[in-house]
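Examination of the molecular architecture
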Amino acid sequence: MRLGLRAVGSACYQVFSHLAVSFGGNLLAMLLSLPIVLVLIVVAFFAHSLSVVPLGIAILVGALPNPACMGLQTLARELARGDTPDFGEQWQGLRTYWRVGLRAWLIAAAITITCALNAAFWETQAANPATSLHAVAAPLFVVWALILLFWLGVHLYVAPLLLAQAEARVLLAYRNAAVIMLSRPVASLTVSLIWLGALVFTSVTALATIIGLALAATIQQNTLRLLLPNLLPTQD
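Heads up: these notes are all about the structure in this document. All figures in this text were calculated on a predicted structure; none of them were measured in a lab.

So, on to the overall build of the protein chain. Secondary structure summary: the protein chain contains 10 helices and 0 strands in total. In the protein chain, the succession of helices and strands from N to C terminus is α-α-α-α-α-α-α-α-α-α. For 236 residues, the compact-globule formula gives about 18 Å, and the C-alpha radius of gyration of the protein chain, at 18 Å, lands near that figure. C-alpha atoms of the protein chain, sized along the principal axes, occupy 65 × 40 × 30 Å. Sequence-distant contacts, at least 24 apart, represent 73% of the contacts inside the protein chain between residues at least 6 apart. If you sum the accessible surface of the protein chain, you get close to 11,500 Å²; carbon and sulfur atoms cover 73% of it. Of the side-chain charges in the protein chain, 11 are positive and 7 negative, and the distance between the mean point of each set is 7 Å.

The structure is reproduced here in structure tokens:
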């Protein structure tokens, strides 16, 4: 847990001590993510639920390996190393990793939506005593909610691993992320809850457009760097 809190504290310091770079990188990532935001607005309109937009931004834009944020992840990696990045590195990271990020994001989005729909379905069944599935609905809702939480928690490591691995392979990144999550459960759960909470809070308050994505990416990079110091290159 102490390592997890240290990663969050380091991320906050790095982002706010390099505010101009963090702000610019965050704004660019959000602009590139506008197609996702527009789809969320359409879904919210037909679902008659405004909460779809901030929750969707938190998950689909911020938590999952969004290809538009892979350049921002590169900036965050440099901040976690103690370097001062520039916007050229963000563009380079975007050009290098957007394809693998897109493949990972498509897989992640499909599985996330499936888990969320299942959890929502069983929650509805559990709330209605008249349904035939009411007896099993509550346990199944808990199961799907825990699966969703674990799945989202794994993504704390996926984007940083895509940058850190010698081969930027999607399935390898997911395997390694799951191994880290299970081998360091306390630190991973602590940071995951703070990380997801920060994404939801900044999305609801619209701070995700200016700083929330940068903060989330830097938390990810610091967590991986502190938990696996031998995996990442050290600063000369």
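So, on to the environment of Ala 137. Within the secondary structure layout, Ala 137 lies in helix 7 (residues 134-164). The spacing of Ala 137 and Leu 3 is 134 residues in sequence and 37 Å in space, taken between C-alpha atoms. Among all residues touching Ala 137, those that are not within four sequence positions of it are Trp 122, Gln 125 and Ala 126.

On to the nonpolar core, then. Leu 64, Tyr 157, Tyr 174, Trp 195, Leu 213 and Ile 219 are the most contacted members of the largest nonpolar core, which totals 62 residues. Broken down by element, the residue count for this core peaks at 11 residues, all from helix 7. Those residues within four positions of Ile 219 in sequence are excluded, and the remaining contacts are Val 8, Ala 11, Leu 156, Val 191 and Trp 195.

The subject of this paragraph is the packing of helix 8 (residues 170-183) against helix 9 (residues 185-204). Two numbers describe how helix 8 lies on helix 9: the axes approach to 5 Å, and their chain directions differ by 105°. In this view, helix 8 runs roughly perpendicular relative to helix 9, as classed from their interaxial angle. Where helix 8 approaches helix 9, its residues Ile 180, Met 181, Leu 182 and Ser 183 are matched on the opposing element by Pro 185, Ser 188 and Ser 192. Grouping the amino acids of the contact of helix 8 with helix 9 by side-chain chemistry returns 4 nonpolar, 3 polar and no charged.

So, about the packing of aromatic side chains. The relation between two aromatic rings is expressed through the spacing of the ring centres and the mutual angle of the planes. Per the stated rule, a full pass over the model turns up 3 aromatic pairs. Here the aromatic rings of Phe 45 and Phe 46 are separated by 5.3 Å at their centres, their planes lie at 85°, and the arrangement is edge-to-face. By the burial criterion, Phe 45 is exposed, and Phe 46 matches it. Between the aromatic rings of Trp 151 and Tyr 174, the centroid separation amounts to 5.3 Å while the plane-to-plane angle is 5°, which identifies the pairing as stacked. Here Tyr 174 lies in helix 8 and Trp 151 lies in helix 7, a separation of 23 residues in the sequence.

This part is about helix 6 (residues 87-127). Count 3.6 residues to each turn of an α-helix, and residues three or four apart come out pointing the same way. Its 41 residues place the ends of helix 6 only 50 Å apart at the C-alpha level, less than the 60 Å of an ideal helix rising 1.5 Å per residue. Maximum bend of helix 6: about 55°, positioned at Tyr 97. Of the residues flanking the start of helix 6, the one acting as N-cap is Asp 86, its side-chain oxygen 2.9 Å from the backbone nitrogen of Gly 88.

To continue, consider the pattern of salt bridges. Under the counting rule described, the total for this entry stands at 3 salt bridges. Glu 78 is the partner of Arg 77 in a salt bridge, and the nearest nitrogen-oxygen pair spans 3.6 Å. Here Arg 77 and Glu 78 have matching classes, each one buried. A salt bridge links Glu 167 to Arg 169; the nearest nitrogen and oxygen atoms lie 3.3 Å apart. With a relative accessible area of 48%, Glu 167 lands in the partly exposed category. Among the charged side chains, a network of salt bridges with common partners joins Arg 77, Glu 78 and Arg 81.

Turning our eyes to something else, we now look at the environment of Ala 208. Along the polypeptide, Ala 208 turns up in the loop between helix 9 and helix 10 (212-227). Ala 208 sits in the buried class, given a relative accessible area of 4%. For the pair Ala 208 and Gly 93, spaced 115 residues apart in sequence, the C-alpha to C-alpha distance is 20 Å.

With that out of the way, let us pick up the state of the cysteines. Inspection of the entire model under this criterion finds 0 disulfides. The cysteine Cys 69 is free of any disulfide, with Cys 12 supplying the nearest cysteine sulfur at 18 Å. Among the residues examined, Cys 69 registers a relative accessible area of 9% and is labelled buried.

The rules we used
Residues numbered from 1 in each chain as written. Predicted model: local features only at pLDDT ≥ 70, side-chain atom pairs only at ≥ 80, totals over all residues. Heavy atoms only, no water. Helix = DSSP H or I, 4+ residues; strand = E, 2+ residues; numbered from the N terminus. Rg over C-alpha atoms; globule rule 2.2 N^0.38 Å. Contact = heavy atoms within 4.5 Å. Areas by Shrake-Rupley, 256 points an atom, 1.4 Å probe, with all protein chains shown as cover. Lys, Arg positive; Asp, Glu negative; His and termini not counted. Charge placed at Lys NZ, Arg CZ, Asp CG, Glu CD. Core = buried A, V, L, I, M, F, W, Y, C linked by side-chain atoms within 4.5 Å. Buried < 20%, exposed > 50% of the residue type's maximum accessible area, 1.4 Å probe, protein only. Axes fitted to C-alpha atoms, helices over the stretch in contact; angles between N-to-C directions. Parallel < 35°, antiparallel > 145°, perpendicular 65-115°, else oblique. Nonpolar A, V, L, I, M, F, W, Y, C, P; charged D, E, K, R; others polar. Phe/Tyr/Trp six-rings, centres within 6.5 Å; stacked < 30°, edge-to-face > 60°. Expected span 1.5 Å × (residues − 1). Bend = angle between axes of the 7 residues up to and from the residue. Polar contact = N/O pair within 3.5 Å; in protein donor to acceptor, adjacent residues only side chain to side chain. Salt bridge = Lys/Arg side-chain N within 4 Å of Asp/Glu carboxyl O. Disulfide = S-S within 2.5 Å.

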